[in-house]
Amino acid sequence: MAILIELLNSQGRVIERHKFNQQQISLGRGYHNDIILLDPHSCAEHAILTLDEQQQWQLTDMDSVNGVRNQRGQRVSQQLISKSGQEFTLGRQRLRLLFSDHPIAATQPLHGAERLLPLLSSPLLLICAVLLVALTLGYEFWLDGLGEDSQWQRQLLLIPFLLLMFALWPLLLALWARFTGREPQLRPQLALTFSVLVLWTCWEALAALLHFNLNNNMLSQGLSYLLPTALLLLFFWFSFSLLSIKRRWLQVGLTLLFSSFYWVYPWMQPSPLHYAPQYQHQLLPAPWLLRQPTSTDSLLDSSDRLFRNTAARAEQTRNKKPQQGQLGPLASNE
Amino acid sequence: MWYRVFCGLGLMLAQPVWADTAQNVFSNYQDALIQVQVIENQTQRKSAIGSGFYVSNNLVITNYHVIAEKIQQQQQYQLMANLGTGSNQQLDIIAVDVINDLALLRAPQLQQHPFTLAGSLPAQGEQVFSLGNPHDLGMVVVPGTFNGMKQQSFYPRLHVTGSINPGMSGGPSVNSTGEVIGVNVATAGNQIGFVVPVAQVNTLMARAGSTVPEMAVLQQQILQQLLANQQQMLSPLLSDAWKMQALGNGRVPEDIAPFVQCWGRSSDRKEVNSIYSASASCGQSEEIYLSQSLTTGKLEMQFEWLDGTDLPPLKFNHHYQAKIAYSNADNRAGKRDITEFSCQSDIVALANQATRVIFCVRAYKDYPGLFDALYMAATIADGQQGFISHFTLAGVTQDNAKAFARKFMEAVVWQS
């Protein structure tokens, strides 16, 4: 039966795979060996694998300096290879021995991100997305610039730096991929990041229109929670997919962790000073108003709810305060 | 040598007559003056000080704001009278008038004669004397000039030109015969002092009982005073027609009440790439002090006309919207005193002009039935022009807040 020898790096990732049909295989640093080891801690003739009469493979240490160790770290001089997949360390070189009938994992279907890959890899998409993001930034500088002394044109020089800042995430992922022996996929990661930024800008424009016309009703409120969250979840999911993280739970965990920052960060901030009121203040020019304005009466009628709610909250606080004997609500502020 | 004699004579003649009067006033009444101390129980140290004066053998008048801490946190503080002899004796609250910042206290028996209250106010320009213990430096008498009632004030105050300093709060201001014309209450700096008129002291004494009421009764009194006061302040504003004037395309009230003063400003019309703005803001200079963290009883309004005709619509809108993004109440209020604001915002047709209207309300935790209301409106920009109107009311009932908002929405509109 043929035998396979897989050389592993320190993380257990396969870096070389060899298949042999002969009855004896020598391993060592010497150039005459069948497997030439690069590890300086291995000897010129470190070990041999031999097939005996019972058709069983044996690994034998050739009196090497650093020896052969099994998976439990014990030094062995001769070891019968009873089952496929056993691991040994020669010096510091890890290797795994497999029989040719070793079962293999099921074929993985191409998932969403990989099907998206050709699209994301297109330079045209990347250029368009980057340009749109740059244009949005420029538009915002222009929008802010008011007055004779406005120097919004100078601020345009910031755009390349801001784009670089947005590119930090894809760069970081590419770097990580590089370190862990995966494909960096820098261009797809960049295209994904900038496409999501474009989608985010589109959402902001839509949100302005919704908030202007619908104020804070269920639909606009719900969408302002759902859509940004969905965009972030998708973004991080595909980002990690492009990184080909094998463990699904890790990908789900990382996606949730990074997306949750969007909600956790505002929650961490100290509550606004002086109890400033929070309200919908979206304004747009008149042509964007797509509905009939309401009447003074209906606004004032529905304001009863505000009085009711706040009075109930005040009442709750009053009830919570300890009533000490004859003391009224004012006497104790605890 | 003769000129020295002449100068000396001149100096003697120039010695003001009031020096004599001040001396008399002080020596006659110094025993009827006390320092009111609010003592913190844990540390047994002064937390606040003010002045007070006997109006009868066992009753002392001071300012409500001097003793407010005792009412807010009864268990934590005690009220003491420093009688000048080094001995401290306990004071009890008989009645308060938060609207006029007065408190009537029961004090240890006075051996000498108390202050007498003047039957009428002095003539403008007449000499008056303010007494009290400024900055805990000891009792002083400060000469001043009576200058009539404070103008543009809803809460009646006498205007006295003379140094009234912190610590003198609650002390009396007296006329040249030593009769009390009012109670020192505030200063605007530079010798401008304010005094609560003696009529308010009379009213408080007339309605006060002779026993020390429970704290709950006092608190109920305060609530009733606040409710009555907001009714008195808003009734004329709600019933009278407001005289309107133009601010750009907006209609704004000219003077809705004598106690609400307006100020205006505008930007340079010639500046390019900018929004021309003209704004008016109206408010009251005085308010009702309830505690260190809570003031109430005031009305404030703001109006702004914006014209950015040469700007692109979206650019104008961007800056127009920023103008209404942040707003807050005009009165001071802490977390313990009020709930958070609850708001509603909608596009409303005001005089046929679509307008973003924001209406927010917060309730008083210790005074059920009282609210602060905040209103903000911005017309939907038409041809890069906008009109913002805003008001806040502090310490009003639901009915009054809504009635005022309705009147404001009907009167303060865009006129095309």
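Residues numbered from 1 in each chain as written. Chains lettered and ligands numbered in written order. Predicted model: local features only at pLDDT ≥ 70, side-chain atom pairs only at ≥ 80, totals over all residues. Heavy atoms only, no water.

## Details of the pattern of salt bridges
Moving on, step 1. One pass over the structure, following the stated rule, counts 18 salt bridges over all chains.
Moving on, step 2. Across the salt bridge formed by glutamate 6 of chain A and arginine 96 of chain A, the nearest N and O atoms sit 2.7 Å from each other. Placement of the pair is glutamate 6 of chain A in strand E1 (residues 3-8) and arginine 96 of chain A in strand E11 (residues 93-99), with a sequence separation of 90 residues.
Moving on, step 3. Note on glutamate 6 of chain A: relative accessible area 2%, which makes it buried.
Moving on, step 4. For aspartate 304 of chain A, the salt bridge identified is with lysine 402 of chain B, shortest N-O distance 2.6 Å. Residue aspartate 304 of chain A is located in helix H9 (residues 296-320), and its partner lysine 402 of chain B is located in helix H7 (residues 398-411); the two belong to separate chains.
Moving on, step 5. Overall, aspartate 304 of chain A belongs to the partly exposed group, its relative accessible area being 23%.
Moving on, step 6. Residue classification places lysine 402 of chain B among the buried positions, given a relative accessible area of 17%.
Moving on, step 7. Through salt bridges with shared partners, a single ionic network connects Glu6, Arg17, Glu87, Arg94 and Arg96 of chain A. (Salt bridge = Lys/Arg side-chain N within 4 Å of Asp/Glu carboxyl O. Helix = DSSP H or I, 4+ residues; strand = E, 2+ residues; numbered from the N terminus. Buried < 20%, exposed > 50% of the residue type's maximum accessible area, 1.4 Å probe, protein only.)

## A few points about the nonpolar core
Where a protein is soluble and globular, its nonpolar side chains tend to be buried together.
Moving on, step 1. Of all hydrophobic cores here, the largest spans 111 residues; its most connected members are Ile67, Phe303 and Phe404 of chain B.
Moving on, step 2. The dominant element in this core, judged by the number of residues it contributes, is helix H5 (residues 215-239) of chain B, at eight residues.
Moving on, step 3. Each of domain 1 (16-212) and domain 2 (224-411) of chain B contributes no fewer than three residues to this core.
Moving on, step 4. Apart from the residues within four sequence positions on either side, phenylalanine 404 of chain B is in contact with Leu234, Leu237, Leu238, Trp242, Ile256, Leu299, Phe391 and Leu393 of chain B.
Moving on, step 5. Core analysis: the next-biggest nonpolar cluster, separate from the first, contains 31 residues, Leu126, Ile159, Leu192 and Ile245 of chain A among them. (Core = buried A, V, L, I, M, F, W, Y, C linked by side-chain atoms within 4.5 Å. Domains from an automatic or database assignment. Contact = heavy atoms within 4.5 Å.)

## Quick word on the domain arrangement of chain B
Residues and elements named next belong to chain B.
Moving on, step 1. Looking at the assigned domains, one finds that chain B contains domain 1 (16-212) and domain 2 (224-411).
Moving on, step 2. Averaged C-alpha coordinates put domain 1 and domain 2 at centres separated by 37 Å.
Moving on, step 3. When the two sides are added together, the surface that domain 1 and domain 2 hide from each other amounts to roughly 1500 Å², 54% of it contributed by carbon and sulfur.
Moving on, step 4. Looking only at domain 1, the three residues that lose the most surface to domain 2 are Gln152, Phe154 and Tyr155, adding up to 43% of its buried area.
Moving on, step 5. Where domain 1 packs against domain 2, one counts one salt bridge.
Moving on, step 6. Note that lysine 150 and glutamate 286 form a salt bridge whose closest N and O atoms lie 3.1 Å from each other.
Moving on, step 7. Applying the counting criterion to the domain 1 and domain 2 interface returns nine residue pairs in polar contact (both at pLDDT 80 or more).
Moving on, step 8. Of all the secondary structure elements, the ones that give two or more residues to the side of domain 1 that touches domain 2 are helix H3 (64-72) and strand E6 (92-97).
Moving on, step 9. Counting residues per element, the side of domain 1 that touches domain 2 draws most heavily on H3, at five residues.
Moving on, step 10. When its residues are assigned to classes, the side of domain 1 that touches domain 2 shows seven nonpolar, five polar and four charged. (Buried area = accessible area lost by both parts, 1.4 Å probe. Polar contact = N/O pair within 3.5 Å; in protein donor to acceptor, adjacent residues only side chain to side chain. Nonpolar A, V, L, I, M, F, W, Y, C, P; charged D, E, K, R; others polar.)

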